[in-house]
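Descriptive structure summary
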Protein chains: 2
Amino acid sequence: MSTETITVFGAGLAGTLMAVYLARAGHRVDLYERRSDPRVAGAAGGKSINLALSARGIDALARVGLAERVLKDAIPMRGRMIHGPTGELVYQPYSADPSRAINSVSRGGLNMTLLDAAESESDVTIHFGRRCIGMDFERRVALVTERTDEDATELPVRTVIGADGAFSGVRSSMQRRERFDYSQDYLPHGYKELTIPAGDGGSWRIEKNALHIWPRGTHMMIALPNADGSFTCTLFWPYEGRNSVEELQTERDVERFFRAQFPDAMDLIPSLTHDFVSNPTGSLVTVRCSPWSVGDAAVLIGDACHAVVPFFGQGMNAAFQDCTVLDECMRAHPNNRAAAFGEYHDRRKRDCDVLADLAIENYVEMRDHTASRVFRARKRVERVLTKVFPRWYLPLYEMVSFSTIPYGEAVDRARRQERVVVIAGLVIFMVALIGFAALLGWLL
Amino acid sequence: MSTETITVFGAGLAGTLMAVYLARAGHRVDLYERRSDPRVAGAAGGKSINLALSARGIDALARVGLAERVLKDAIPMRGRMIHGPTGELVYQPYSADPSRAINSVSRGGLNMTLLDAAESESDVTIHFGRRCIGMDFERRVALVTERTDEDATELPVRTVIGADGAFSGVRSSMQRRERFDYSQDYLPHGYKELTIPAGDGGSWRIEKNALHIWPRGTHMMIALPNADGSFTCTLFWPYEGRNSVEELQTERDVERFFRAQFPDAMDLIPSLTHDFVSNPTGSLVTVRCSPWSVGDAAVLIGDACHAVVPFFGQGMNAAFQDCTVLDECMRAHPNNRAAAFGEYHDRRKRDCDVLADLAIENYVEMRDHTASRVFRARKRVERVLTKVFPRWYLPLYEMVSFSTIPYGEAVDRARRQERVVVIAGLVIFMVALIGFAALLGWLL
């Protein structure tokens, strides 16, 4: 087994977990992070500050003994709580099995836990305040800056893992190579974060063990519980058009719109109008690319190769699953990293493309369909089928969130199930019709 | 009307024609080109050296009085000549109207004609050997280099038109902005160029007025006539797998493969095996992006915003059509360039996306279907329909190549036509069946 140093760029969620995996496999790891140490400086804002950890992520953490420590601080969410336009509530469990839940975790807290875990490995060294802006794969040097892009210095590297996010510096150099497929696609919606403060004595002012959704067609708000009793709300808002970020400029506009569409939220978020106007708007991008590696010089994981929109709560979980698959491939090819990276890409690429599509589809489902009767009826039918045919029927949402079945396989299986259900429905309907006709004949 | 200087980057086909349009509209133009003057240095190789000029391109040239000059040196191609695996020939006219043709023109010759035309406008200044590697849209400066990227200097600009090709420097700076959609997708095939030399006395050794195709499933060769009696052949070859560029490494491998698959070409191209091994392999990329402009600071045309694969022969024609549409939009909004650029994008974006898809579909059609009996029968039915219903029926190929109907509209109309033909076919079949049944009843 090679003990050459592996350089990981990005000490976010994927990079730190990968560093732990690498150290456990006997590699020395140099981990670089553009920000300063959040354990010293406090967590950075900007990105959504809580996340839904589910089966894939838990599995990846469990393999290096970190799941328990992370889940200790997590809040299980067992279903969706839908807030209607007049404040009425409808609860939809995520599963027929009430013990199944996705888990609200703090991004900052989880990152610090993972930094601690990486640092406690004797073979991992973390360097803060240094950012990779590009790489020369032939010469095996990375361009690393301390603050501005002008002071970039060359860092000799052997093998690089690019865990440096949707705007990856490692990937930017791959893009300049021949025959690198790449796409970045933005949704016409942006997001803003707001906070529902805790109630008296750190209590939760709305249902604690649920993911809250205010679906309003073109506009949507969600809220995830925090351990301190507060909720982090995320608004998904169109950039342009009626009641868009562009249009709702003043606090008065915002107040009028919220009063009409989100009356119960108005009462929960005292600083709503002020925060809406002053908080920044984040954009929602889907990144796809191929291949994910250059020989044995570099490979990408997480958002760097497959950033997805947040509507299936799978971005972090998919990034963690990358770590387990890359680890498996590197162990399977101890003396051929290029082959390991190629196999990792081939095992993950289609699944991550499928996830990207699922995440965009779920965006429509969440903001439009969760409010509809048809959607609710469908979810009820799914729960009945799961109870009656537990070995055969598993709803897509559950395969994605409560299993580690590859995303592509999950979608294929969901399609097969749907076909059988439709055909069975037709057969039942026709048998009933014939029975009814026979009964009618007997009666007359 | 503004007479501020407009900076055009790229004096290829789109950039030079755009410069002529701008000068005619009363603008001063600074035109920058990274290569040296081809009229002095000789045309650069690398890119395909002849192209198919069709209705859209001719229309764009005619509007500034250049069509006649360009068509003088062009060779009309009135149909496809299909070369079978044993050397047998099948000719398929492009249209029921034998006067309709696409025109083989030399890229180098056309570029020089357009450079002359641009230079003859008193308000156009051309600067060779200077390349744009990026732009600061807020500060209105372009980064321009003379040879290497290190010596970049800042060039103050007012409005930039990026006509700098599939790897556009202007676009590279747009990509770094928020919410810029971008994709680059490579085909698994590359291309190589070869030459069929002229016959005795500058004669053409195969049919002059046709586009020649050797369709072989995964492999394809095409040849376009040149004015000097030679033909430029382009091979489209898979990068990997059986008989790929990767596999056919030696002259012996190449000879064996060609002898088996392209026997007639072997005899026409004396230096085939040597040229195959020594000529570079070009890649085939599709580029899409949105938006195409940044305020009134910059706008993209041609390959810079919509590079397509060459299989519909429309890349240059689409780029020329950009020039006419952008010219119309700028004339319609003489005092609001941002609005002009926005309208240009909105008018062209869907059409160019449709073209990108058509070009990839035509790749499959050319290499697989042109050889099939079904394809030939279908083309015959299309020609009959065009003759019988000349005002209603127009095959998609003809709408794309022999009209200026926007690509999107052409595809929509082709779909409508196809639906009607299928329904009419079913009706005729059923009427015939009923007639036959009635006849049978009368007979018995």
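Here we look at the interface of chain A and chain B
- Residue-level contacts link 14 residues of chain A with 14 residues of chain B.
- Counting the surface lost from both chain A and chain B, the interface buries some 1,400 Å², and carbon and sulfur atoms represent 36% of this.
- It is A:R179, A:Q184 and A:Y186 that lose the most area in chain A upon contact with chain B, and together they represent 44% of the buried surface on that side.
- Linking chain A with chain B are nine residue pairs in polar contact (both at pLDDT 80 or more), by the criterion used here.
- When residues of the side of chain A that touches chain B are assigned to their parent elements, the largest contribution, eight residues, is made by strand 13 (residues 181-196) of chain A.
- By residue class, the composition of the side of chain A that touches chain B is six nonpolar, four polar and four charged.
- Judged from the three bridges that link them, strand 13 of chain A and strand 13 (residues 181-196) of chain B form a sheet pairing that is antiparallel. Residue pairing for strand 13 of chain B: A:Q184 is matched across the bridge by B:Y182.

As for the state of the cysteines
Residues and elements named next belong to chain B.
- Counted according to the given criterion, the structure contains zero disulfides over all chains.
- Cysteine C305 shares no disulfide, and the gap to the nearest cysteine sulfur, in C289, comes to 5.7 Å.
- When its relative accessible area of 1% is taken as the criterion, C305 is described as buried.

Focus: the packing of aromatic side chains
All names here are of chain A.
- Per the stated rule, a full pass over the model turns up 37 aromatic pairs over all chains.
- Both rings, one in Y94 and one in Y397, keep their centres 4.8 Å apart while their planes meet at 10 degrees; by these two values the pair is stacked. Of this pair, Y94 sits in the loop between strand 6 (89-93) and strand 7 (102-106) while Y397 sits in helix 14 (residues 396-402), placing them 303 residues apart in sequence.
- With a relative accessible area of 7%, Y94 lands in the buried category.
- The buried category is assigned to Y397, whose relative accessible area is 11%.

Structural notes on the sheet that holds strand 4 (residues 75-77) of chain A
Residues and elements named next belong to chain A.
- One open sheet accounts for three strands, arranged 3-7-4; its pairing is antiparallel. Edge positions in the open sheet fall to strand 3 (50-53) and strand 4, since each of these has one partner strand only. Sheet twist, expressed as the mean angle between neighbouring strand axes with direction ignored, is 35 degrees.
- Where strand 3 and strand 7 come together, four bridges link them in antiparallel fashion. From the neighbouring strand, A52 faces strand 7, where its bridge partner is S104.
- Strands in contact with helix 5 (residues 107-120) are strand 3 and strand 7; relative to strand 7, the strand with the most contacts, it is inclined by about 80 degrees.
- Against the sheet, helix 11 (residues 315-332) engages strand 3 and strand 7, with an angle of about 60 degrees to strand 3.

Remarks on the relation of the copies chain A and chain B
- Superposing chain A onto chain B takes a rotation of 180 degrees plus a shift of 0.0 Å along the axis, which leaves an RMSD of 0.1 Å. In symmetry terms, the pair is related by a two-fold rotation axis. Identified as the residue of chain A closest to the rotation axis by C-alpha distance is A:S183, at 1.9 Å.
- The residues that chain A uses at the interface reappear at the interface of chain B in 100% of cases, marking a shared surface.

Observations regarding a nonpolar patch on the surface
- On the surface, A:F436, A:L439, A:L440, A:W442, A:L443 and A:L444 cluster together to form a nonpolar patch covering roughly 780 Å² of accessible area.
- Considering the arrangement of structural elements, one finds A:W442 in helix 15 (residues 407-443).

Some details on the side chain of B:K192
All names here are of chain B.
- Its location among the elements puts K192 in strand 13.
- Although buried, K192 forms no salt bridge, and the nearest oppositely charged side chain, D275, lies 10 Å from it.
- Looking at K192, its side chain comes within polar contact range of the side chain of T281, at 3.1 Å.
- Once residues within four sequence positions are removed from consideration, K192 is found in contact with C233, T234, L235, V245, F276, N279, P280 and T281.

What to know about the packing of helix 1 (residues 13-24) of chain A against helix 11 of chain A
All names here are of chain A.
- Interhelical geometry of helix 1 versus helix 11 gives an angle of 25 degrees and a closest axis separation of 9 Å. In terms of orientation, helix 1 lies roughly parallel with respect to helix 11. Judged by the twist between their axes, the crossing of helix 1 over helix 11 is right-handed. Between helix 1 and helix 11, the residues in contact are L13, A14, L17, M18, Y21, L22 and R24 and M316, A319, F320, C323, T324, L326, D327, M330 and R331, respectively.
- Classifying every residue of the contact of helix 1 with helix 11 by side-chain character gives 12 nonpolar, one polar and three charged.

Topic: the confidence of the model for chain A
- Of the residues in chain A, 97% reach a pLDDT of 70 or more, and the chain-wide mean stands at 91.
- Across the predicted assembly, pTM comes out at 0.86 and ipTM at 0.81.

Parameters and conventions
- Residues numbered from 1 in each chain as written.
- Chains lettered and ligands numbered in written order.
- Predicted model: local features only at pLDDT ≥ 70, side-chain atom pairs only at ≥ 80, totals over all residues.
- Heavy atoms only, no water.
- Contact = heavy atoms within 4.5 Å.
- Buried area = accessible area lost by both parts, 1.4 Å probe.
- Polar contact = N/O pair within 3.5 Å; in protein donor to acceptor, adjacent residues only side chain to side chain.
- Helix = DSSP H or I, 4+ residues; strand = E, 2+ residues; numbered from the N terminus.
- Nonpolar A, V, L, I, M, F, W, Y, C, P; charged D, E, K, R; others polar.
- Pairing = 2+ DSSP bridges.
- Disulfide = S-S within 2.5 Å.
- Buried < 20%, exposed > 50% of the residue type's maximum accessible area, 1.4 Å probe, protein only.
- Phe/Tyr/Trp six-rings, centres within 6.5 Å; stacked < 30°, edge-to-face > 60°.
- Axes fitted to C-alpha atoms, helices over the stretch in contact; angles between N-to-C directions.
- Least-squares fit on C-alpha atoms with pLDDT ≥ 70 in both.
- Patch = residues over 30% accessible without salt bridge, like charges linked within 9 Å, V, L, I, M, F, W, Y side chains within 5 Å.
- Areas by Shrake-Rupley, 256 points an atom, 1.4 Å probe, with all protein chains shown as cover.
- Salt bridge = Lys/Arg side-chain N within 4 Å of Asp/Glu carboxyl O.
- Lys, Arg positive; Asp, Glu negative; His and termini not counted.
- Parallel < 35°, antiparallel > 145°, perpendicular 65-115°, else oblique.
- Left-handed = near helix turned anticlockwise from the far one by under 90°.
- pLDDT = per-residue confidence, 0-100.

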